[in-house]
Amino acid sequence: MQNYKKFLLAAAVSMAFSATAMAETLKMGIEAAYPPFNNKDASGNVVGFDKDIGDALCAKMKVEKCEVYVSDWDGIIPALNAKKFDFLVSSLSITDERKQAVDFTDPYYSNKLQFIAPKATKDFKTDAAYLKGKVIGAQRATLAGTYLEDKLPETEAKLYDTQENAYLDLTSGRLDGMLADKYVQYEWLKSKDGSAYEFKGDPVVESDKIGIAVRKGDPLRERLNKALAEIKADGTYKKINDKYFPFSIE
């Protein structure tokens, strides 16, 4: 009987140790200034499509605790590599340049780049000749900002630290137009501030693949890919998509 009690005690200690060892906390990095993908609600809580996707992935991976780390956009990749968080789910375009600094998961949605401008500007065009000398806004260190600098060098590109600050200048009349992700613009155009603006022309980039970033060589990438496939298969992804958009962005 004494030996049996020792056995039970050892088993209990072993199970407790195993449970502790299996407990896992992961931190997700998010800009929290890019609605509807990521922003803060009236109480200061981080919300949005990216946050919901991150939470769903953590749930699939059976992570005990999934925390949010908010980072400014300009320093968000350096913050990941400095181990301030474990993965970055903040509507990051998969580019060759960024692949040199981080590893990406499979895309978790696809986007497009499109111009917006005042509805009153009936003749607004998206070709280089028309945009020569025009002042066009975009967020710094984004695909839109790079497009303006590389494809439209004679356009006066004004780059901003956040998309929200770019909108402020647009509504103040300091910009002739804006280039940004279509689905972010779609949300803003529905707002009171955005009601006087509209999409102009066709998207200038049709297939902007958005991925989750991890540090180079981190095996977390494969776990995230597996979880991403699972939330797409079981309908979780569609529920999150439908919460924000009346169409699929996958």
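What counts, and where the lines are drawn
- Residues numbered from 1 in each chain as written.
- Predicted model: local features only at pLDDT ≥ 70, side-chain atom pairs only at ≥ 80, totals over all residues.
- Heavy atoms only, no water.
- UniProt positions renumbered as here; feature names shortened; annotations may be inferred.
- Core = buried A, V, L, I, M, F, W, Y, C linked by side-chain atoms within 4.5 Å.
- Buried < 20%, exposed > 50% of the residue type's maximum accessible area, 1.4 Å probe, protein only.
- Domains from an automatic or database assignment.
- Contact = heavy atoms within 4.5 Å.
- Salt bridge = Lys/Arg side-chain N within 4 Å of Asp/Glu carboxyl O.
- Polar contact = N/O pair within 3.5 Å; in protein donor to acceptor, adjacent residues only side chain to side chain.
- Helix = DSSP H or I, 4+ residues; strand = E, 2+ residues; numbered from the N terminus.
- Nonpolar A, V, L, I, M, F, W, Y, C, P; charged D, E, K, R; others polar.

The name an unreviewed UniProt entry gives the protein chain is ABC transporter substrate-binding protein, with Pseudomonas cremoris as the organism. Heading Sequence similarities (unreviewed entry) of the UniProt record for the protein chain holds this comment: "Belongs to the bacterial solute-binding protein 3 family."

Engineer: When you look at the nonpolar core in this model, what are you seeing that I'm missing?
Structural biologist: Considering soluble globular proteins, one finds that nonpolar side chains tend to be buried as a cluster. Grouped together as the largest cluster of nonpolar side chains are 45 residues, with contacts concentrated most on Phe37, Phe49, Phe87 and Tyr108. Among the domains, domain 1 (24-108 + 207-242) and domain 2 (111-205) are the pair contributing at least three residues each to this core. With sequence-adjacent residues up to four places away left out, Phe37 is seen in contact with Val47, Gly48, Phe49, Asp50, Lys51, Ser91, Tyr109, Asn111, Tyr183, Val184, Phe245 and Ile249. Of all hydrophobic cores here, the second largest spans 13 residues; its members include Phe124, Tyr130, Leu131 and Leu148.

Engineer: Even after reading the chapter, I still don't get the domain arrangement of the protein chain, so can you show me in this structure?
Structural biologist: Think of interface size as the accessible area that goes away when the parts come together; that is how it is often given. Each assigned domain of the protein chain is listed here: domain 1 (24-108 + 207-242) and domain 2 (111-205). Centre-to-centre separation of domain 1 and domain 2, based on C-alpha positions: 26 Å. Across the boundary between the two partners, domain 1 contributes 14 residues, which contact 16 residues of domain 2. For the pair domain 1 and domain 2, the number of links is one salt bridge. A salt bridge links Asp74 to Arg140, with the nearest nitrogen and oxygen atoms 2.8 Å apart. Connecting domain 1 to domain 2 are seven residue pairs in polar contact (both at pLDDT 80 or more). The greatest single-element share of the side of domain 1 that touches domain 2, amounting to three residues, is contributed by strand β11 (residues 197-215). Of the residues in the side of domain 1 that touches domain 2, the class split is seven nonpolar, three polar and four charged.

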